[in-house]
Structure formats: C-alpha cells, structure tokens
Amino acid sequence: MGKGGQDFGKRDKSESPTLSSDHDVFPAWSKDIQECEKHFGVKRNSGLTSADVAKRREEYGWNELEKHEGQSIWSLVMEQFNDTLVRILLVAAVVSFVLAWLDGDEGGEKEITAFVEPLVIFLILIVNAIVGVWQESNAEKALEALKEIQSEHATVLRNGIKIPNLPAKELVPGDIVELKVGDKIPADMRVVELISSTLRVEQGSLTGESEAVNKTNKPVSEDADIQGKRSMVFAGTTVVNGNCICLVAQTGMSTEIGKVHTQIHVASQSEEDTPLKKKLNEFGEMLTMIIGVICALVWLINVKYFLTWEYVDGMPRNFKFSFEKCTYYFEIAVALAVAAIPEGLPAVITTCLALGTRKMAQKNALVRKLPSVETLGCTTVICSDKTGTLTTNQMAVAKLVALGPRPSILRKFKVDGTTYNPADGKIHDWPTGRMDANLQTIAKVAAVCNDADISQAEQKYVALGMPTEAALKVLVEKMGLPEGSRGVGSSSNLLGCCQQWNESERRIATLEFDRDRKSMGVIATSRSGKNSLLVKGAVENVLERSTKVQLLDGTVVPLDDNSRKYILQALNEMSTGALRCLGFAYKDELSDFESYDGDDHPAHKLLLDPSNYSSIESELVFVGLVGLRDPPREEVFDAIEDCRAAGIRVMVITGDNKNTAEAICREIGVFDAYEDISLRSITGREFMNLPDQKAFLRQGGGLLFSRAEPKHKQEIVRLLKEDGEVVAMTGDGVNDAPALKLADIGIAMGIAGTEVAKEASDMVLADDNFSTIVAAVGEGRSIYNNMKAFIRYMISSNIGEVASIFLTAALGIPEGLIPVQLLWVNLVTDGPPATALGFNPPDKDIMKKPPRRSDDSLISAWILFRYLVIGLYVGLATVGVFIIWYTHGSFLGIDLSGDGHSLVTYSQLANWGQCSSWQNFTASPFTAGSETISFNNPCDYFQAGKVKAMTLSLSVLVAIEMFNSLNALSEDGSLLSMPPWVNPWLLLAMSVSFGLHFLILYVPFLAQIFGIVPLSLNEWLLVLAVALPVILIDEVLKLVGRWTSKSQTSRRRKPSKPKAE
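The model shown is predicted, which means the values in this text are computed figures rather than measured ones.

### Quick word on the sheet that holds strand β25 (residues 649-653)
Turning to step 1, where the next piece is worked out: If you trace the 8 strands from one edge of the open sheet to the other, you get β12-β30-β29-β28-β13-β25-β27-β26, paired in mixed fashion. Edge positions in the sheet fall to β12 (365-367) and β26 (681-683), since each has one partner strand and no second. Taken pair by pair, the neighbouring strands of this sheet meet at an average axis angle of 20°, ignoring direction.
Turning to step 2, where the next piece is worked out: The sheet contact formed by strand β28 (residues 727-731) and strand β29 (residues 745-749) spans 4 bridges and is parallel.

What follows is the structure, encoded as structure tokens:
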C-alpha cells in the first residue's frame, strides 16, 4: 500500500516548489491561484510532467485510503476467552476431562457418563467463540464501504495533453483535473477556473449541508471551516451543476474523507463493552470469588475423609492419604463449579436479544449487532443529525406569496407537505379551479423555468436534478390548473400540470444560473407564437432588476418604493423563519428575442456570453415569491416529547447553518417557540473553544450544535461517554460515520444513509424516522426488564444447586447430583422457561420512567437475600428428598416402600464410607421401573444403589426450578395479581422442560447416560410435595418486599406534611 498522500509536503528544501510539512498544511483555499500554482510547481495550461508525477508518487504514494490491518483470527478467538465466566467454565471442563480420563479404565458405562460433561462445556465455549469472532470480524466493514464512494477515474492534464480516463488512484498533489456535471470528485482540490458560469457540488454526505453548494475560484478566509471552504472541492462528493478546472491539493489519507477514515479506525479501536456485558463480567468476578470460597470450605469439611493422622507426643504422626477419596471430593468441587455457573445464560441472552431484533425489525429498526438491543434500553442522550433524520431531506415549499388587488396587499398561502409526493399536503385557502392571472403566472414560471423531474419507485418519490426545482414542480401540481384548461393532466403522469404548462409554453432557450446575478431564465414561446422570458432566482436580485409588478387580475403596474418595501418585508419574515426564498418574474417585451426561434437566429450569439444575461433579464415584471425548506418530519415533535417524558435528552448536531437549524429545533420541540437559546445553541467551532465543554453538555434540556464537522461530533460523543452518559448517535452521511462508530449505539438511516454510515452503525432505521428510535428505546427497556427476570431466575436456580452440593459435602452423605445432571438442568431444562421470560409483556409506563443508570446493579441486596433464601430451600429440598428415600418408608402419608429398598439410619448414611466395617449390614434388591437393582457387595447400596435417590433429587430440582420460573414473572408482584397466563409462552416452556425431563427418565439409553431411573406415581407425589412450597416461600418474601417498600415511601412523604400545611 502507498502512503496515500499522508506525507504530503515533505519535500527537500532545495527543490523549487516549496511544499508544506504535515504539521503545516498549505491552505490552498485561502491563497490566490498564482500562489497555488507556484506552491505546487505546476501551470494550469500544461499540468505536471511525467517526471514530476513519478517523483511525487514516490513521495506521497497512491491516492487511495489505507487498508488497516484488522485483528488476526487467532487473536479474535483468544479475545473470546477473555471473560471471567468463560474462564471458569474452561477450567471446570479441563479438570472434568482429566478426571474422566483417569477414571476411564473402570468401564465403558462410567466413561460415557464422565466424558459427556467436559465435551458439552467445550461445545458451549466453541459456539460462543464462533459467534463472537463473527461479530468482531464485521467491525472493519465501514472502512471498506468508505472506499467504494471514491471516484475511480479522472480527466487529467499532464505534459500538456488531456488524459480522459486516468485511474483516480494515480493522482498526485499538483495534478490539474477537469470536472463536469455528474463527476465524483477524486481528491481534495482547489478550484482554479470555472468553465461554466456556475459550479455546484453536492457535499452534504461529508459536511451535513442540506443543499448543493456553490463553488468559486476566489480565495476565502484561512480559518474557514469545511463548509466555508467555497474554493475547494472534496473527494467523494459530486458535481451537480457546471464544469471547472481544479488543482489537486490533498490526496489519499490527507483528504477530508481520509481523515474520516482515520477517525472511524480510531473509534473502532476504542469500542467498549455494553452495559449488560460489564454487569455480567462483574457478576462473573464475584462468582469466581464465591466459588473459590465455597470450594475451599468443601475441601476443608471433607479433608478428614482422605487425609488422617495420629497424635504421638502431641505431634501429628502416621499420615494416611487416600488418593481415591481425594479425587472423589475434588470431583465434588468441580460439580460445585459447574453448579455455580449459569452455563445456559449466554445462550438464553443471545436468544432473547435475537427475539428482540425481530420485534424491532417489525418497527423498522434493523439491529446489526445483538448487544445493541439491550444498550438501547439505558440510552440517556440521543445525538441526532438534523438533515434526513429530523427533517425529510426533501425540499418542499412551505409558503407562497402572491400579489393582491393592489401593490400594497400581498396574499400569503401556507403550503403543507414534506416530501416530493405531489399528493402529500395541500395549499390552505386555495381558490381551486379559479386561479387568477397572477397565480397562473407563478405556476407557469415555476413549471417552465425548471430543469428538475420527479420519479416514483416503490412508494418513494425521488428528485432528479436540483431539490429546490423539484419542490417547485410539486408546488405547481398542488396549485392545479386554471379553470377551462385543456386536459388536467392524466393521473398516470406524476407531473401532469407541469407537463400542461410546458406544452403551452415551449422552452426554446436557457439563461443558466450564475453566482453573480443569482437567477435562471428561460425564453419560452406560447401556442400563439409569442415569446416571453420567465425568470426565477434570489428575491433581492430579481426584485432589483424588476420595474413592474403583476396584480391579482393580471394588471401590470409600476414597482414603486412602497411596493418594494412590502415585498422585502415578506421576504424578511420568511428568511427569519429559516425559509430559502425564490422570486418569480417575467418579461413580454423582448426586443432582440421577440422572434427568436433557435440557434440560427441573429440574437443567439448574445446567449453564448453569460455576461449578457443580466441585461437580458432586466425591466422584469415581478409576480411573487415562495419560501422553501427541508421540512421536519411530522412525527418528530411527538417523538421528542416522548423522549422528554422518558428522561432522555435530545441534542441536535448538524453541519447546516445556525439559523436554519434553530428554526427547525424550535418547530420540532427541542426548544420552546420563544425560549432564549443563546446558551444552548452554538457552532461546532465555538464548542471546541469553550473552556469547560462538559459544563455546557451537562445543561438540562435540548442542545444544538450547528456547522459541526466530523471531529466535533466525535468529541461531543466522547465527552458525553466520559460523563457516564449512554449515547445513541444518529446520522446518514460519511461525516457521521466516526461518531456512529464511537457512540454506544450508532444509528444510520436506511433510505438516505450512505453505505459508510450503515456499516459503521449498530442499528439501521428502515424508514429514516426519528420516532422509530424512540419506539426502539422502549423495546430495549422492555427487553432489559425481561432479561433481568430470567437472569434472576437462572442465578437463583444456580444458588440452589450450589446449596445442594455444599449441604451434601457438609453432611457427608453420598453425592446426590453429578456434574452431567447439573449441566443438563442448567443448559436444557432451565433454557425454555428462561427464554420464555423474555416474552413478558412490557410495563405500560415503561417510557414514563427515567432511563436506568448504566451502573445500576442487576440484583439489589434485597433480591439477592430473597434468592439466597430460595436457594437454601432448593438445597434443603434436593438433599432432604435424598435422605428421605434412604431413611423413611413413608413421608407426609406417601408410601415409599413399594420398591422394596432397604432403610438405613441417618447416622449410617452420613458415615457410608465406613460401611465395610459394619457388622451384619445387608441391602435388599429394589425395583426401578422394569429393572431390578441388586448388590454383590452391600456397601454398593450407597454408590450404585443411590440411583433412585439421585433421580428423586434431580426431579425435585427440575420441579422447583419450573415453579420458581413462575416467581420470576414479576420482581415484586404476587402471582395473584400477575397470574401465569399473562405469559402463555412460559406455560408452554414449562411443559417443554418437564417433557425433556420425562424423556431422559423413560428412554433407557438417556437414563443410563444421566445415571437415573424411572419413578413411580408415589415417588412423583413426593417430588411435588417437596417442590411446591417454593412458590409459597417467595410469595411471603414478595409480600415483605412490598410492605417494606410502602413503609419506606410513606416515611419519605411524612416530613413534607408540615410544609404543605
């Protein structure tokens, strides 16, 4: 790859052209043309020589954007394991695998069971890594999309010869390039000569301006911002009008688009974890500590079983160590780790987020990165672009001013509509079918003195040509045709009225727009053969060249100072309302052009010289004016009100000018109509010069940044994030991409957005609508609440499993739950209910609450206490049912002796390791389904014989967790107020989980893998009797929580009573 121009200016001082260094870029925009030619060592008439090109290529490299080396696949894979939960799982899997390997000699059945657990954990980790790597590898696509908007070819002058299709990447600083209409600009260039009378460039995607910009070859101020550099054209933008000659000033990475490329790359390097991921990492670290402590306790409690010694003379002697028992208790510690980790949590979170993306897609918000769904829920600030997001990015006429019966009376019509659809909106108080002569002339000028067109594709209306001219054609369609007109325009023709005017007034010559006279004129001939000049342009300029005005009935009267004052007053009113105004005029007495009929006419030579246009467009008859704007979207006002109610601040960051932006912000509700916004509305440059930028950003309410450049947007986002805000940034242009990448949530426009913006974003709006963001935030909040529900559910289940294993170890009874069973419960049985909790209906007031803080805890102290109580009960129930089977023939009136198993005392069960020393101990065979379990060695009753007791423990665990999922429907609400059927998916999920449990119980092959046997009806009754109390316990705890919450609220209210009185 070449240097892409980044070292531009590092020439040897001995060489003739003195080019600047990287740190002191030559300000070509502020220098006259001769200075620029001297600096770059080139003449515009001949261009660079081949030798110059070769030397500069070697020095500055190719005119292309750098390809940043992305992370290697291996480093991306390793990054996926940089997670506490994953690391714990990895260690547990490795240890399980080693133990399974060591135990492998004991027989095939044992081997299958032992290897299932580590293999399943490894599988989880591999899938998790694949998903993570796939997401990460998409990160650099924005940079690739940026390259696609670069020009591929350029017309260049070298060695005095014009080269029409030179690959754009071969350009070097100093090259002379010719541009024409439709060209994509290949580098940042200084305009040195205008071939046409005017040059307009569409650069909104880079600068945020809402309309094409007029360019000049005259120097501008050296400290001008990017929008103010009128003598420069920028790489990646498009010429929409005119031809010119330019001198290449910056190439590759030194261009403005190159700087955006660098900013995107830097922003992508500083991407942070989402709020939820941070919470889960914190939880993982806490879990690591808890697991460590509990494993150590289990080890200490059981050390007496594998390490014994005798005291001789007060000192420990004769140490005896049992490796077999040490390994057994080490397996218990591993089981503890497996029990403590919610292995199913990553899968359930991914499923819930994926379901959330589907819901959002139905609301036109297309989520590109899954974690964005949750991050949306805690958005505190929305930084929105104006053009195309808050507005339609389609020019529309908002006001029409026509002359009345007297010159001092002006008629003002309000025009509705925000798109290029002629049927969108109407003109208020319009004399339909009774257009007077003055209104007819306005319609005629707007339709005929116009080069634009409108096309329709899939319900979308697109302007072809200048947006302002397209808006005028839409106005003509809304005005309709005068009474008695021939054919009122067929419904199949989108611009039927304009077509009618163009047929009645055939255009035969055009006086192109130029920046000096600021108007455009056409000579048209009517059906009767009479020629007239129709003119539109800047109101002040058209008015200055007018000597008469046309009144309502078509009468033409002189334009006196009084009439001029009224028209200028109307113009001032419209301009202060941020409307762009155009005036209309005509002229019937054309002298030289009275009989003009084409190129062969003697007067045609006057049209070849644009300097004659002002004199031709003189002594005009002024007929009226219109005010145009890029109108706000209709639904934005309500959406911003919703944001305010939801505690979300809206900041508008736009490249457009201050007055236009302020008017739009007042209209959409960011500011009140008469609010003093002097301290809330500043330009990007003014913001960068503030001594305390954070203090400005901390102001409550809305803020506006106008004339903002990409670096300003990035800085605003960065400072907000530093202040703890969760920032959603919207945008559609190339200039928005770096800030989209840096923001917590980057939101691109799907219709008007560039590919660069879409690839840099986390979410794309299919309808380009700001209100869709607000709906997505509400959905994000709902998803987060549901995720909290299933995270609480899964964690409470894991606490129960830990309590069960800990109690087993502490009491010294045989192991009641083995790791493969715990894995099955965590991954499969718990999965469906946890996922179904993601379908809980949202709270009705979800968008009336302030956003949660990104550092709010997932689990409060009270919730943790509640689940510790529930967890302790789960532990007691699973261990208790294990003990009951061994020690009781019946329990709560339920007969358990039907299978013929032998009963032992609790003391025997707790000391089962000493079985071989017991006198006359026997164990009877017992039935499990159709199978009879018998023992050669009676002591096997506590190992192979525990299969029924283990099945009861596992079944109690599954049943309790199903009932516990009902508890998780609401954090504090009783099941009486929020019954299970509010979420039918949960009931279905519970059925699926019970069905899966029956599957492993009653399919022999699966039962063998999981080390369990079928249960009888009485044994199922015991399971339900032990499991159901979990609902009652949590209902009592919820009641205490509600009572405590109410008493705290009332205590807070009491002190305010005396003041109120």
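Having seen it, we continue.
### Side note on the UniProt feature "transmembrane region" (unreviewed entry) in the protein chain
Turning to step 1, where the next piece is worked out: Within the UniProt annotation, "transmembrane region" (unreviewed entry) is assigned to residues 84-102, 114-134, 286-307, 327-355, 858-886, 981-1000 and 1020-1041.
Turning to step 2, where the next piece is worked out: Helix makes up 95% of residues 1020-1041 and strand 0%, with an end-to-end C-alpha separation of 33 Å.

### With respect to the packing of helix α29 (residues 819-829) against helix α33 (residues 947-967)
Turning to step 1, where the next piece is worked out: As a packed pair, α29 and α33 sit with axes 11 Å apart at the nearest point and diverge in direction by 25°. What the angle tells us is that α29 and α33 run roughly parallel. For α29 against α33, the interelement crossing comes out right-handed. Residue-level inspection shows Gln-821, Leu-822, Val-825 and Thr-829 of α29 in contact with α33, the latter providing Met-950, Leu-954, Leu-957, Val-958, Glu-961 and Met-962.
Turning to step 2, where the next piece is worked out: Residue composition of the contact of α29 with α33, by class: 7 nonpolar, 2 polar and 1 charged.

### Description of the pattern of salt bridges
Turning to step 1, where the next piece is worked out: The full count for this structure, using the stated rule, is 27 salt bridges.
Turning to step 2, where the next piece is worked out: Note that Asp-175 and Arg-158 form a salt bridge whose closest N and O atoms lie 2.7 Å from each other. Taken together, the residues Asp-175 in the loop between β2 (161-167) and β3 (176-179) and Arg-158 in strand β1 (residues 153-158) connect sequence positions 17 residues apart. Accessibility assignment for this pair places Asp-175 and Arg-158 in one class, buried.

### What to know about the packing of helix α31 (residues 861-887) against helix α36 (residues 1017-1027)
Between two packed helices, the angle of one axis relative to the other and the distance separating the axes together describe the packing.
Turning to step 1, where the next piece is worked out: Interaxial distance between α31 and α36 falls to 10 Å at its minimum, and their mutual angle equals 150°. Here α31 is positioned roughly antiparallel relative to α36, judged by the angle of their axes. The element α31 and its partner α36 pack so that their crossing is right-handed. Contacts from Tyr-873, Ala-877, Val-881, Ile-884 and Trp-885 in α31 reach Glu-1019, Leu-1022 and Val-1026 in α36.
Turning to step 2, where the next piece is worked out: In terms of residue class, the contact of α31 with α36 is built from 7 nonpolar, no polar and 1 charged.

### Some words on the packing of aromatic side chains
Given two aromatic rings, their pairing is described by the distance between the two centres and the angle made by the two planes.
Turning to step 1, where the next piece is worked out: Here the structure, examined in full by the defined rule, presents 23 aromatic pairs.
Turning to step 2, where the next piece is worked out: Each ring, one from Phe-413 and one from Trp-430, has its centre 5.1 Å from the other, and the planes form 70°; the classification is edge-to-face. Taken as a pair, Phe-413 in strand β15 (residues 410-414) and Trp-430 in the loop between β15 and α14 (437-448) lie far apart in primary sequence, 17 residues in all. Each member of the pair, Phe-413 as well as Trp-430, carries the same accessibility label: buried.
Turning to step 3, where the next piece is worked out: Ring geometry for Trp-918 and Phe-942: centres 5.9 Å apart, planes at 85°, overall edge-to-face. With Trp-918 in the loop between α32 (906-910) and β33 (926-928) and Phe-942 in the loop between β34 (931-933) and α33, this residue pair connects regions lying 24 residues apart in the sequence.
Turning to step 4, where the next piece is worked out: In this structure Phe-942 comes out as buried when scored by relative accessible area, which is 0%.
Turning to step 5, where the next piece is worked out: The structure contains a cluster of three or more aromatic residues connected by ring pairs, namely Phe-882, Trp-885, Tyr-886, Trp-918, Phe-921, Phe-926, Phe-935, Tyr-941 and Phe-942.
Turning to step 6, where the next piece is worked out: In this arrangement the basic side chain of Lys-169 is found over the ring face of Trp-62, its NZ or CZ atom lying 5.0 Å from the centre.
Turning to step 7, where the next piece is worked out: Sitting above the plane of the Trp-29 ring, Lys-229 keeps its charged end 3.9 Å from the centroid.

### Quick look at the sheet that holds β2
Turning to step 1, where the next piece is worked out: Reading across from one edge, β2-β1-β3-β9-β4-β7 is the order of the 6 strands in this open sheet, with antiparallel pairing throughout. This sheet does not close on itself; its edge strands, each paired only once, are β2 and β7 (232-233).
Turning to step 2, where the next piece is worked out: With 2 bridges joining them, strand β4 (residues 188-194) and β7 adopt antiparallel strand pairing. The residue of β7 that forms the bridge with Met-189 is Val-233.

### Section: the confidence of the model for the protein chain
Turning to step 1, where the next piece is worked out: In this model, the protein chain carries a mean pLDDT of 81, and residues with pLDDT of at least 70 account for 88%.
Turning to step 2, where the next piece is worked out: By mean pLDDT, helix α38 (residues 1056-1060) is the weakest element of the protein chain at 40, and α14 is the strongest at 95.
Turning to step 3, where the next piece is worked out: For the stretch residues 1-23, pLDDT sits under 50, and the model shows 67 contacts to residues farther than four places along the chain or on other chains.
Turning to step 4, where the next piece is worked out: A low-confidence stretch, residues 1055-1061 stays under pLDDT 50, and its non-local contacts, those more than four residues away or across chains, total 0 contacts.

### Concerning the environment of Leu-742
Turning to step 1, where the next piece is worked out: Within the element layout of this structure, Leu-742 appears in helix α26 (residues 737-742).
Turning to step 2, where the next piece is worked out: Taking the C-alpha atoms as reference, Leu-742 lies 8.6 Å from Val-266; in sequence the two are 476 residues apart.

### A short note on a nonpolar patch on the surface
Turning to step 1, where the next piece is worked out: On the surface, Met-286, Met-289, Ile-290, Val-293 and Leu-297 cluster together into a nonpolar patch covering about 450 Å² of accessible area.
Turning to step 2, where the next piece is worked out: Judged by its relative accessible area of 38%, Met-286 falls in the partly exposed class.

### Some details on the side chain of Thr-468
Turning to step 1, where the next piece is worked out: Mapped onto the secondary structure, Thr-468 falls in helix α15 (residues 467-479).
Turning to step 2, where the next piece is worked out: In contact with Thr-468, not counting residues within four places along its chain, are Met-395, Arg-580 and Leu-628.

### Re the state of the cysteines
Turning to step 1, where the next piece is worked out: For the coordinates displayed, the defined rule picks out 1 disulfide.
Turning to step 2, where the next piece is worked out: Note on cysteine connectivity: Cys-915 is disulfide-linked to Cys-939, with sulfurs 2.0 Å apart. Its S-S torsion of approximately -95° makes the covalent link between Cys-915 and Cys-939 left-handed. Of the two residues, Cys-915 sits in the loop between α32 and β33 while Cys-939 sits in the loop between β34 and α33, which places them 24 residues apart along the sequence. Here Cys-915 and Cys-939 have matching classes, each one buried.

### Points about the nonpolar core
Across soluble globular proteins, nonpolar side chains have a tendency to be buried as a group.
Turning to step 1, where the next piece is worked out: Ranked by size, the top nonpolar core spans 145 residues in total, and within it Phe-770, Tyr-886 and Tyr-941 carry the most contacts.
Turning to step 2, where the next piece is worked out: Counting residues per element, this core draws most heavily on helix α28 (residues 770-811), which supplies 17 residues.
Turning to step 3, where the next piece is worked out: By size, the runner-up hydrophobic cluster in this structure holds 55 residues, among which are Phe-26, Val-172, Phe-234 and Leu-697.

Conventions and cut-offs
Residues numbered from 1 in each chain as written. Predicted model: local features only at pLDDT ≥ 70, side-chain atom pairs only at ≥ 80, totals over all residues. Heavy atoms only, no water. Pairing = 2+ DSSP bridges. Helix = DSSP H or I, 4+ residues; strand = E, 2+ residues; numbered from the N terminus. Axes fitted to C-alpha atoms, helices over the stretch in contact; angles between N-to-C directions. UniProt positions renumbered as here; feature names shortened; annotations may be inferred. Parallel < 35°, antiparallel > 145°, perpendicular 65-115°, else oblique. Left-handed = near helix turned anticlockwise from the far one by under 90°. Contact = heavy atoms within 4.5 Å. Nonpolar A, V, L, I, M, F, W, Y, C, P; charged D, E, K, R; others polar. Salt bridge = Lys/Arg side-chain N within 4 Å of Asp/Glu carboxyl O. Buried < 20%, exposed > 50% of the residue type's maximum accessible area, 1.4 Å probe, protein only. Phe/Tyr/Trp six-rings, centres within 6.5 Å; stacked < 30°, edge-to-face > 60°. Lys NZ or Arg CZ within 6 Å of the ring centre and 35° of its normal. pLDDT = per-residue confidence, 0-100. Patch = residues over 30% accessible without salt bridge, like charges linked within 9 Å, V, L, I, M, F, W, Y side chains within 5 Å. Areas by Shrake-Rupley, 256 points an atom, 1.4 Å probe, with all protein chains shown as cover. Disulfide = S-S within 2.5 Å. Core = buried A, V, L, I, M, F, W, Y, C linked by side-chain atoms within 4.5 Å.

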